[in-house]
Amino acid sequence: MVRSSLAVLVIDENRIRASIIEAGLREAGHQLVTVIHDVTGIARRIAEIEPDVIVIDLENPNRDMLENMFQLSRAVKRPIAMFVDRSDQASIEAAVDAGVSAYVVDGLRQERVKPILDMAVSRFNAFSRMARELEEARSELESRKVIDRAKGILMKSRGLSEEAAYTLLRKTAMNQNRRISDIAQSLVTAAGLLGPAEDE
């Protein structure tokens, strides 16, 4: 469910088009709307305003302007809805790669602003959730690899079974109030330092 009290930043050099977006947002119940017409120092302005969502309208964007907006999109980590009057396949792909949540070609109408904004927020949240889950899975996989290496070290150095090695890691982690993966990483690091010297 999208809250109606989102702080929305509208970036548009064209005041008439900006007023269409602003009217659509206010009609949809968004009262915290800030409009910026000058893109100079935009990253600093975004940091000051701290919007929940950014709407960018580029009437006739050139390649450099699009690239600047895509770089901005990568940096701000917020839902971004971008309206453009014309586009090509490369620009669409660049927008997706940059994390633009909604890229609308030739579709700036007041009544479309709210559903497009809602979709941008929903897509951003879904993408953020997937990115977070992917990072958690990578971290879990890395932890398992380290734990397996630590078990191998214990099995070899102490002559333990795999189960006994894991039990020792778990017991040590509980005694030190640390995670098993942290204990395993310490063991792997120490074994690397104490292992046979290799020729450099």
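Residues numbered from 1 in each chain as written. Predicted model: local features only at pLDDT ≥ 70, side-chain atom pairs only at ≥ 80, totals over all residues. Heavy atoms only, no water.

### Here we look at the overall build of the protein chain
Moving on, step 1. In terms of regular secondary structure, the protein chain is built from 7 helices and 5 strands.
Moving on, step 2. Listed by position from the N terminus, the elements making up the protein chain come as β-α-β-α-β-α-β-α-β-α-α-α.
Moving on, step 3. For 200 residues, the compact-globule formula gives about 16 Å, and the C-alpha radius of gyration of the protein chain, at 26 Å, lies well above that figure.
Moving on, step 4. Taking the principal axes of its C-alpha atoms as reference, the protein chain extends roughly 75 × 40 × 30 Å.
Moving on, step 5. Counting over 200 residues, the protein chain shows a buried share of 34%.
Moving on, step 6. Counting only carbon and sulfur atoms, one obtains 51% of the accessible surface of the protein chain, whose full area is about 12400 Å². (Helix = DSSP H or I, 4+ residues; strand = E, 2+ residues; numbered from the N terminus. Rg over C-alpha atoms; globule rule 2.2 N^0.38 Å. Buried < 20%, exposed > 50% of the residue type's maximum accessible area, 1.4 Å probe, protein only. Areas by Shrake-Rupley, 256 points an atom, 1.4 Å probe, with all protein chains shown as cover.)

### Quick word on the sheet that holds strand β2 (residues 32-36)
Moving on, step 1. With parallel pairing, the 5 strands of this open sheet are ordered in space as β2-β1-β3-β4-β5. The strands lining the two open edges of the sheet, one partner per strand, are β2 and β5 (102-105). Strand-to-strand, the axes of this sheet are offset by a mean angle of 15 degrees, without reference to chain direction.
Moving on, step 2. Of the pairings in the sheet, the one linking strand β1 (residues 7-12) to strand β3 (residues 53-58) comprises 5 bridges and is parallel in character. Bridging across to β3, I11 finds its partner in I56.
Moving on, step 3. Across the face of the sheet, helix α5 (residues 110-158) comes into contact with β1, β3, β4 (80-84) and β5 while running at roughly 145 degrees to β5. (Pairing = 2+ DSSP bridges. Axes fitted to C-alpha atoms, helices over the stretch in contact; angles between N-to-C directions. Contact = heavy atoms within 4.5 Å.)

### So, the confidence of the model for the protein chain
Moving on, step 1. Of the residues in the protein chain, 94% have a pLDDT of 70 or more, and the chain-wide mean is 84.
Moving on, step 2. The weakest mean pLDDT in the protein chain belongs to helix α3 (residues 63-76) at 74; the strongest belongs to helix α6 (residues 162-176) at 94. (pLDDT = per-residue confidence, 0-100.)

### A few points about the domain arrangement of the protein chain
Moving on, step 1. Along its sequence, the protein chain is organised into domain 1 (8-132) and domain 2 (136-194).
Moving on, step 2. Of note, the centres of domain 1 and domain 2, computed from C-alpha atoms alone, are 47 Å apart. (Domains from an automatic or database assignment.)

### Some words on the pattern of salt bridges
Moving on, step 1. If you walk through the whole model with that rule in mind, you get 8 salt bridges.
Moving on, step 2. Linking R17 and D57 is a salt bridge whose minimum nitrogen-to-oxygen distance equals 2.6 Å. With R17 in helix α1 (residues 15-27) and D57 in strand β3, this residue pair connects regions lying 40 residues apart in the sequence.
Moving on, step 3. The partner of E48 in a salt bridge is R45, and the shortest N-O contact between them spans 3.9 Å. With a gap of 3 residues between them, E48 and R45 both fall in helix α2 (residues 42-49), about one helical turn apart.
Moving on, step 4. What you see here is one network of salt bridges that share partners, running through R44, R45 and E48. (Salt bridge = Lys/Arg side-chain N within 4 Å of Asp/Glu carboxyl O.)

### Topic: the layout of surface pockets
Moving on, step 1. Its boundaries defined by the atoms lining it, the largest pocket holds a volume of some 370 Å³.
Moving on, step 2. Around the largest pocket sit 17 residues that line it, and A98, G99, V100, F124 and F127 are the ones nearest its centre.
Moving on, step 3. Elements that contribute at least two residues to the lining of the largest pocket include exactly α3, α4 (89-98) and α5.
Moving on, step 4. Ranked by the residues each element gives to the lining of the largest pocket, the list is headed by α5, at 7 residues. (1 Å grid on protein atoms, 1.4 Å probe; cavity = no way out; pocket = protein on both sides within 12 Å on 5 of 7 lines; lining within 4 Å. Points joined across faces, edges and corners; volume = space filled by probe spheres on them.)

### Topic: a nonpolar patch on the surface
Moving on, step 1. Where nonpolar side chains cluster on the molecular surface, the patch consists of I92, V96 and V105 and spans about 220 Å² of accessible area.
Moving on, step 2. Inspection of the secondary structure assignment puts I92 in helix α4.
Moving on, step 3. Judged by its relative accessible area of 32%, I92 is partly exposed. (Patch = residues over 30% accessible without salt bridge, like charges linked within 9 Å, V, L, I, M, F, W, Y side chains within 5 Å.)

### Digging into α5
Moving on, step 1. With 49 residues, α5 extends 72 Å from end C-alpha to end C-alpha; this agrees with the ideal 72 Å at 1.5 Å per step.
Moving on, step 2. Phi turns positive one or two residues past the end of α5, at G159, with a value near 70 degrees. (Expected span 1.5 Å × (residues − 1).)

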